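Analysis of the macromolecular model
What follows is the residue order along each chain.
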Amino acid sequence: NPDCLGESFEISRRRFLSLERRLERDSTLKSMYVDFIEEYMALGHMSPYNRSLIHPYYVIPHQCVIKPDSTTIKLRLVFDVPSVFSR
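Since we're looking at a predicted model, the values are computed, not measured. (Residues numbered from 1 in each chain as written. Predicted model: local features only at pLDDT ≥ 70, side-chain atom pairs only at ≥ 80, totals over all residues. Heavy atoms only, no water.)

**Details of the nonpolar core**
When a protein is soluble and globular, its nonpolar side chains tend to lie buried together. The following threshold applies: In these notes, a set of buried Ala, Val, Leu, Ile, Met, Phe, Trp, Tyr and Cys residues joined through side-chain atoms within 4.5 Å is what counts as a nonpolar core. Three labels apply to residues, based on accessible area from a 1.4 Å probe with only protein chains included: buried if under 20% of the type maximum, exposed if over 50%, partly exposed otherwise in between. Strands are runs of DSSP state E lasting at least 2 residues, helices are runs of H or I lasting at least 4, and numbering of each runs from the N terminus. Any two residues having at least one pair of non-hydrogen atoms within 4.5 Å are treated as being in contact.
Within the largest apolar cluster, nine residues are counted, these being Leu19, Leu23, Leu29, Tyr33, Phe36, Ile37, Cys64, Leu75 and Leu77. Among the elements of the structure, helix H1 (8-25), helix H2 (27-42) and strand E2 (75-79) are those that each provide at least two residues to this core. No other element matches the four residues that H2 contributes to this core. With residues near it in sequence (within four places) discarded, Leu77 still touches Tyr33, Phe36, Ile37, His62, Gln63 and Cys64.

Structure representation (structure tokens):
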């Protein structure tokens, strides 16, 4: 049911602005994040926002998590997908 989606755009926008401030304070993290996003887009897992989204839609808020001592992936994204999608 599309009514379960809620208002995802504004929540995602606020979360991204907060992430953007964090990245501006940490150039290493910003570089890792940009690399990750570019790879994600190249793989076709996400696409840039365009102002012509057709309702209903859900913009998935995310955050980046860094694990400096990892030997494989030091940065990963965590997506906040509501439980309505897992049903």
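**With respect to the packing of aromatic side chains**
For any two aromatic rings, the description comes down to two numbers: the centre-to-centre distance and the angle of the planes. Selection criterion: A pair of Phe, Tyr and Trp rings is counted when the ring centres sit within 6.5 Å of each other, with Trp represented by its six-membered ring. The angle between the planes then sorts it: under 30 degrees is stacked, over 60 is edge-to-face, the rest tilted.
One pass over the structure, following the stated rule, counts two aromatic pairs. Centroid distance Phe36 to Tyr40: 5.3 Å. Interplanar angle 25°. Geometry classified as stacked. Note that Phe36 and Tyr40 are positioned in helix H2 at a spacing of four residues, about one turn of the helix. Aromatic ring contacts, followed pair by pair, group Phe36, Tyr40 and Phe79 into a single cluster.

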